[in-house]
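For reference, the chains in residue letters:
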Amino acid sequence: MLSVREKVAYGLGDTASNFIFQTVMLFLTFFYTDIFGISPAFVGTMFLLVRVMDAVTDPLMGYLSDRTQSRFGRYRPYLLWFALPFAAISVLAFTTPDLSQGGKQLYALGTYALLMLAYTAINIPYCALGSALTTNPAERVSVQSYRFVFAMLGGLIVSSLTLPLVDYFGHGDKAKGYQMAMVLMSIAGAVMFLLCFAGTRERDQTPRQEGMNFGKAFKSLWANDQWRVLAGAAIFLLTGQVLKNTLTIYYVKYCLNLPDMISLFVTCGMVGNILGVALAKKVADRVCKVKAYIVLQLLAALLSLVAWLVPTGATALALVLYVGWCFTINMGTPMLWAKMADTVDYGEFKTGVRSTGMVYSSVIFFIKLGLALGGALAGWLLAAYGYQADVPQHDDTRQGILLSFTLCPAIASVLVALVMRYYRLDNRRVSEISMALKEQHSGT
């Protein structure tokens with residue numbers, strides 16, 4: 001059994017990651033369109049273009065981390081090596097040099113691409129580390145629950161403090177305010193990555209498989225049919241989730257006509273996220289986590305659909321539905337990540353190859369592809385509905401924002417539920433595979 005102290009140390013790594021992840025989801029599109037002055041159509045296209053790079057870098061990072069050998073383990077060293085570069089690049093991404101429109105677009109593309117490269121280099125080994133902390137399937141949901149409570153605490157800090165910090169540091173200059181707010185959060189994030197490195201230990205010491213080149217590793221990964229199910233679910237999940245979170249600011253400001261309540265909405269949403277992930281283990285202990293995950297996706301779809309019908313003046317109802325959606329969608333998050341660890345075991349059981357980093361990196365690629373698609377759709381839909389930055393919007397534009405904020409995420413959640421019907425690693429099957437692997441390992 002892992003100590004609470006080690007679970008907390010591991011969770012701090014995702015607090016650090018979410019200083020960037022949640023900032024990208026909640027504020028980056030708004031920052032680019034309303035602060036830096038880039039068109040929403042370009043922002044959407046840029047988000048998608050960078051994912052082409054991830055198609056190469058993510059699996060390579062997983063393969064590299066699987067084959068890393070150091071006195072610190074396979075995955076922990078990357079937290080030490082990339083904590084400071086990740087912090088520095090995060091600040092650059094939220095810096096606004098005085099350039100022409102074309103120069104701004106090139107700067108945004110370059111710094112965003114660097115940010116995603118740095119995120120890949122530190123986050124993929126961090127995620128794989130969760131599987132190396134314990135080989136006990138019952139502990140995995142607990143580890144991931146701790147992780148995502150701390151992840152959402154990072155999101156809570158971002159949602160509640162970003163705009164006040166922008167006002168505090170900027171004194172009316174929002175560009176400077178965003179830059180200085182990111183300086184503060186990046187420093188804190190680097191410290192947390194280092195604490196995660198110092199407070200965890202890798203226990204899965206499966207020997208590195210010699211002669212396993214990238215092609216063979218990828219072939220064994222593709223043979224893992226349950227990995228393919230998770231990858232499909234991940235892309236639909238993140239597309240809907242990021243689209244809704246990205247448009248939250250626009251929804252509150254223009255559909256509800258409550259610009260002063262943006263921080264309240266996103267902060268309450270983060271509280272819902274935290275409560276959801278905190279209760280995930282209790283639910284998974286009582287119900288098969290596969291069935292529970294499907295039901296949670298369908299409930300999230302229903303809550304998002306109901307928000308479509310909320311009239312402009314019903315602020316309390318709109319807030320309750322948004323918090324309810326955050327609570328429901330994120331209760332499933334630790335279950336999804338625990339399934340990734342189960343899928344690693346299944347892949348070894350089926351093919352004889354244990355590819356922890358490859359499984360995590362490839363699923364994370366589809367998560368980031370969903371992140372890009374959600375952000376791209378937000379930009380493209382805003383452009384399609386005639387959005388103009390920081391001015392009163394036409395009725396058609398407001399209706400378009402409302403439709404995109406409610407109906408599209410609901411469709412995405414239904415698609416996730418349909419894909420997960422093909423996931424067969426229920427609690428009984430996972431226990432059988434775990435016991436079989438222990439017998440194999442003890443016999444070698």
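The preceding data block contains the structure.
Regarding the overall build of the protein chain
Move 1: A count of helices and strands for the protein chain gives 16 helices and 0 strands.
Move 2: Over its C-alpha trace the protein chain gives a radius of gyration of 21 Å, about what one expects of a compact globule, namely 22 Å for 444 residues.
Move 3: By principal-axis analysis of the C-alpha atoms, the protein chain measures approximately 70 × 45 × 40 Å.
Move 4: By the burial criterion, 61% of the 444 residues in the protein chain qualify as buried.

A few points about helix H4 (residues 101-133)
Move 1: Here H4 contains 33 residues, and its C-alpha end-to-end distance of 47 Å stays within 8% of the 48 Å for a straight helix at 1.5 Å per residue.
Move 2: By the largest-angle criterion, Thr120 marks the main kink of H4, which is about 25°.
Move 3: Taking burial as the measure, the 33 residues of H4 include 24 buried ones, the bulk of the element.

A short note on the environment of Ala376
Move 1: One can find Ala376 in helix H14 (residues 356-384).
Move 2: For Ala376, a relative accessible area of 0% puts it in the buried group.
Move 3: Along the backbone, Ala376 and Lys339 are 37 residues apart, and their C-alpha atoms lie at a distance of 28 Å.
Move 4: Excluding residues within four positions of it along the chain, Ala376 makes contact with Gly44, Phe47 and Leu48.

Regarding the environment of Ile329
Move 1: For Ile329, the location among the structural elements is in helix H12 (residues 315-331).
Move 2: Here Ile329 falls in the buried class, since its relative accessible area comes to 4%.
Move 3: Residues Ile329 and Leu302 lie 27 residues apart in sequence; the distance between their C-alpha atoms is 11 Å.
Move 4: In this view, Ile329 contacts Leu237, Gln241, Gln297, Ala300 and Ser413; residues no more than four positions away in its chain are not counted.

Digging into the packing of aromatic side chains
Move 1: What the rule picks out here adds up to 25 aromatic pairs.
Move 2: Ring centres of Phe47 and Tyr112 lie 5.0 Å apart, and the angle between their planes is 50°; on these two criteria the pair is classed as tilted. On the criterion of sequence distance, the pair formed by Phe47 in helix H2 (residues 40-66) and Tyr112 in helix H4 is long-range, its members being 65 residues apart. In this structure, Phe47 and Tyr112 share a single accessibility class: buried.
Move 3: Relative to Trp325, the ring of Tyr322 lies with its centre 6.3 Å away and its plane at 20°, an arrangement referred to as stacked. One end of the pair, Tyr322, and the other, Trp325, are both in helix H12, 3 residues apart, so they sit about a helical turn from each other. In terms of burial, Tyr322 and Trp325 fall into one category: buried.
Move 4: Through a chain of ring-to-ring contacts, three or more aromatic side chains come together here, namely Phe31, Tyr32, Phe36, Phe47, Phe94, Tyr107, Tyr112 and Tyr178.

Focus: a nonpolar patch on the surface
Move 1: Taken together, the side chains of Phe236, Leu298, Ile411, Val414, Leu415 and Leu418 define a hydrophobic patch exposed on the protein surface, amounting to about 460 Å² of accessible area.
Move 2: Counting residues per element, the nonpolar patch draws most heavily on helix H15 (residues 395-420), at 4 residues.
Move 3: Considering the arrangement of structural elements, one finds Leu418 in helix H15.

Rules used in this analysis
Every chain's residues receive numbers from 1 upward, in the order its sequence appears when written. Local features in this predicted model are restricted to residues of pLDDT 70 or higher, and side-chain atom pairs are both shown and tallied only at a pLDDT of 80 or more, whereas totals for entire chains, interfaces and linings draw on every residue. To get the side-chain values, all heavy atoms of the structure are used, and hydrogens and water are removed first. Only DSSP runs of H or I covering at least 4 residues are called helices, and only runs of E covering at least 2 are called strands; the numbering of each starts at the N terminus. Values of the radius of gyration come from C-alpha atoms, whereas the globule rule sets the reference at 2.2 Å times the count of residues to the power 0.38. Residue exposure (1.4 Å probe, protein chains only): buried if accessible area is under 20% of the type maximum, exposed if over 50%, otherwise partly exposed. Expected helix span is given by 1.5 Å per residue-to-residue step, counting one fewer step than there are residues. We define the bend at each residue as the angle formed by axes fitted to the 7 residues ending at it and the 7 residues starting at it. Contact between two residues is taken to exist if any of their heavy atoms lie within 4.5 Å; hydrogens are not considered. A pair of aromatic rings is counted whenever rings of Phe, Tyr or Trp (Trp by its six-membered ring) have centres within 6.5 Å, and the orientation is called stacked for planes under 30 degrees apart, edge-to-face for over 60 and tilted otherwise. Like charges are joined within 9 Å and nonpolar side chains (Val, Leu, Ile, Met, Phe, Trp, Tyr) within 5 Å, but only among residues with over 30% relative accessible area and no salt bridge; these make up the patches. We get accessible surface area from the Shrake-Rupley algorithm with a probe of 1.4 Å; when it comes to residues, only the shown protein chains can shield them. Every case where a carboxyl oxygen of Asp or Glu lies within 4 Å of a side-chain nitrogen of Lys or Arg is listed as a salt bridge.

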